[in-house]
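What the coordinates show
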Amino acid sequence: MAKDFIVAIELGSSKITGIAGKKNPDGSITVLSVAKEDSKACMRKGVVYNIDKTAQALTNIINKLKGSLQTDIARVYVGVGGQSLKGVKNVVVKDLPADSIVTQDIVNELMDTNRNMKNNDYEVLDAITQEYKVDMLDELNPVGVQACHIEGNFLNLLWRKTFNRSLNKCFDNAGIPIVEMYVTPLAMAEEILTEAEKCAGCMLVDLGADTTTVAIYTRDILRHLFVLPLGSNNITKDLTTLKMEEREAEAMKLKYASAYTEVADIDDSMVWAIDSNRSVNSRLFIDVVEARVLEIIANVWYLVPTEYTDKLLGGIILTGGGSNLKNIDEAFRDQSYDPDNTYSVPYTKVPAAQHSPRNGKDKHPPRRNDERSDKHSAQRRHELCRKRPEQNTL
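Quick caveat: nothing in here was measured; it's all calculated off a predicted structure.

Let us now look at the side chain of K253. Structurally, K253 is set in helix α7 (residues 246-256). The class for K253 is buried, based on a relative accessible area of 1%. Side chain to side chain, K253 and E250 meet in a polar contact 3.2 Å long.

Have a look at this one:
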């Protein structure tokens with residue numbers, strides 16, 4: 001592979017994607033080729049389920065890229081995420097002799113100690129430095145400061161050792177050397193979020209097929225990360241309870257599903273055709289979809305630490321295939337209790353509510369479906385937020 005070529009592979013619950021690009025002199029990347037393989041039979045919730053089928057999908061992707069580029073691919077970067085990933089905070093403490101000056105060696109020792117922490121079935125994939133407490137003061141860079149006590153605060157991104165072994169075995173079986181593994185949510189945040197959003201405080205919500213990954217930033221630092229085992233596929237499975245097969249449910253979801261529907265827009269007598277002989281009541285369909293969407297949003301807010309709920313001044317940014325669900329931004333706004341605080345942006349974004357569901361109940365109680373106010377009309381909401389173009393996968 002030419003030195004200026006970069007090939008990355010991301011393993012998701014619905015598809016495995018390979019991207020080949022060329023690095024430009026200014027540091028940007030020009031995408032030269034993209035290859036995809038369905039992963040429903042080999043990945044579950046972002047974790048390898050069937051090693052042989054995953055290896056075959058990886059081989060197919062590499063062959064497609066090689067055919068498109070007309071060149072060999074010697075090694076790849078691999079993005080990992082899914083339910084195996086979680087963020088755990090850790091504090092490393094060190095007492096120093098009186099009047100000591102903090103050196104880079106001392107900081108490196110704290111970082112190495114953190115990296116070597118025992119996590120039972122997990123291992124550290126990446127470690128994000130939060131800040132250092134030097135005596136009683138917080139410092140982002142403590143080198144050169146006089147102190148007798150220092151604490152290093154870290155956010156460790158852990159993944160299961162079994163997933164690491166399974167993933168490496170897949171690439172070994174496919175004969176594809178790995179250059180480096182990177183954390184997909186971090187790479188996504190670097191691509192999607194602006195520095196201003198990360199400094200002000202924001203929440204990136206990646207709505208995937210089987211999982212929902214949430215990353216919280218304040219002061220330009222990743223502060224919290226968690227993965228929910230819920231995604232847009234759960235909506236499809238819920239719709240099968242309305243007496244339709246999964247493939248039919250997926251087609252109906254793509255055609256009719258909306259995460260948020262005004263009560264005034266619901267016609268109880270309307271039916272939507274499943275096929276030439278069967279149909280489903282639109283009210284039942286809407287209720288099933290909204291119930292699952294509200295569950296996902298409620299779980300997102302429940303797992304956001306209280307210390308950050310009033311610090312998301314940069315907003316809530318939605319991405320992933322599930323963000324293409326119609327009115328998903330409206331649903332998040334409705335559950336964030338501040339539908340007017342928004343603006344138009346290139347990605348689906350929901351600027352932060354002034355009150356979270358847990359600390360703002362007294363001022364902005366949640367609106368039940370039958371209590372939605374018509375104060376904020378659909379036209380007004382669409383003027384406030386522009387979604388990116390819809391894709392055909394949720």
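Having seen the structure, we can now continue with the description.
For the rest of this paragraph, the subject is empty space enclosed by the protein. Enumeration according to the criterion identifies three cavities of 30 Å³ or more in this entry. Of the pockets and cavities examined, the largest cavity occupies roughly 100 Å³. In terms of lining, the largest cavity is formed by eleven residues, of which the most central are L207, I235, I296, L325 and I328. Listing elements by their share of the lining of the largest cavity, those giving two or more residues are α6 (232-239) and α8 (282-302).

This part takes up a nonpolar patch on the surface. On the surface, I6, I29, Y77 and V179 cluster together to form a nonpolar patch covering roughly 290 Å² of accessible area. Within the element layout of this structure, V179 appears in strand β11 (residues 178-183). Note on V179: relative accessible area 35%, which makes it partly exposed.

What follows deals with the confidence of the model for the protein. In regions of low pLDDT, the predicted coordinates are not meant to be interpreted in detail. Averaged over every residue, the pLDDT of the protein is 84; the share at 70 or more is 84%. For residues 350-393, every residue scores under 50 in pLDDT, and the model assigns this stretch 99 contacts once sequence neighbours within four places are set aside.

Next up on the list: the sheet that holds strand β8 (residues 122-134). Strand order across the open sheet formed by four strands is β7-β10-β8-β9, with antiparallel pairing between neighbours. Two strands lie at the open edges of the sheet, namely β7 (86-101) and β9 (137-139), each paired on one side alone. Strand-to-strand twist across the sheet, computed as the mean angle between neighbouring axes with direction ignored, equals 30 degrees. In the sheet, β8 pairs with strand β10 (residues 146-160) via eleven bridges, with the strands oriented antiparallel.

Cut-off values and rules
Residues numbered from 1 in each chain as written. Predicted model: local features only at pLDDT ≥ 70, side-chain atom pairs only at ≥ 80, totals over all residues. Heavy atoms only, no water. Helix = DSSP H or I, 4+ residues; strand = E, 2+ residues; numbered from the N terminus. Buried < 20%, exposed > 50% of the residue type's maximum accessible area, 1.4 Å probe, protein only. Polar contact = N/O pair within 3.5 Å; in protein donor to acceptor, adjacent residues only side chain to side chain. 1 Å grid on protein atoms, 1.4 Å probe; cavity = no way out; pocket = protein on both sides within 12 Å on 5 of 7 lines; lining within 4 Å. Points joined across faces, edges and corners; volume = space filled by probe spheres on them. Patch = residues over 30% accessible without salt bridge, like charges linked within 9 Å, V, L, I, M, F, W, Y side chains within 5 Å. Areas by Shrake-Rupley, 256 points an atom, 1.4 Å probe, with all protein chains shown as cover. Salt bridge = Lys/Arg side-chain N within 4 Å of Asp/Glu carboxyl O. pLDDT = per-residue confidence, 0-100. Contact = heavy atoms within 4.5 Å. Pairing = 2+ DSSP bridges. Axes fitted to C-alpha atoms, helices over the stretch in contact; angles between N-to-C directions.

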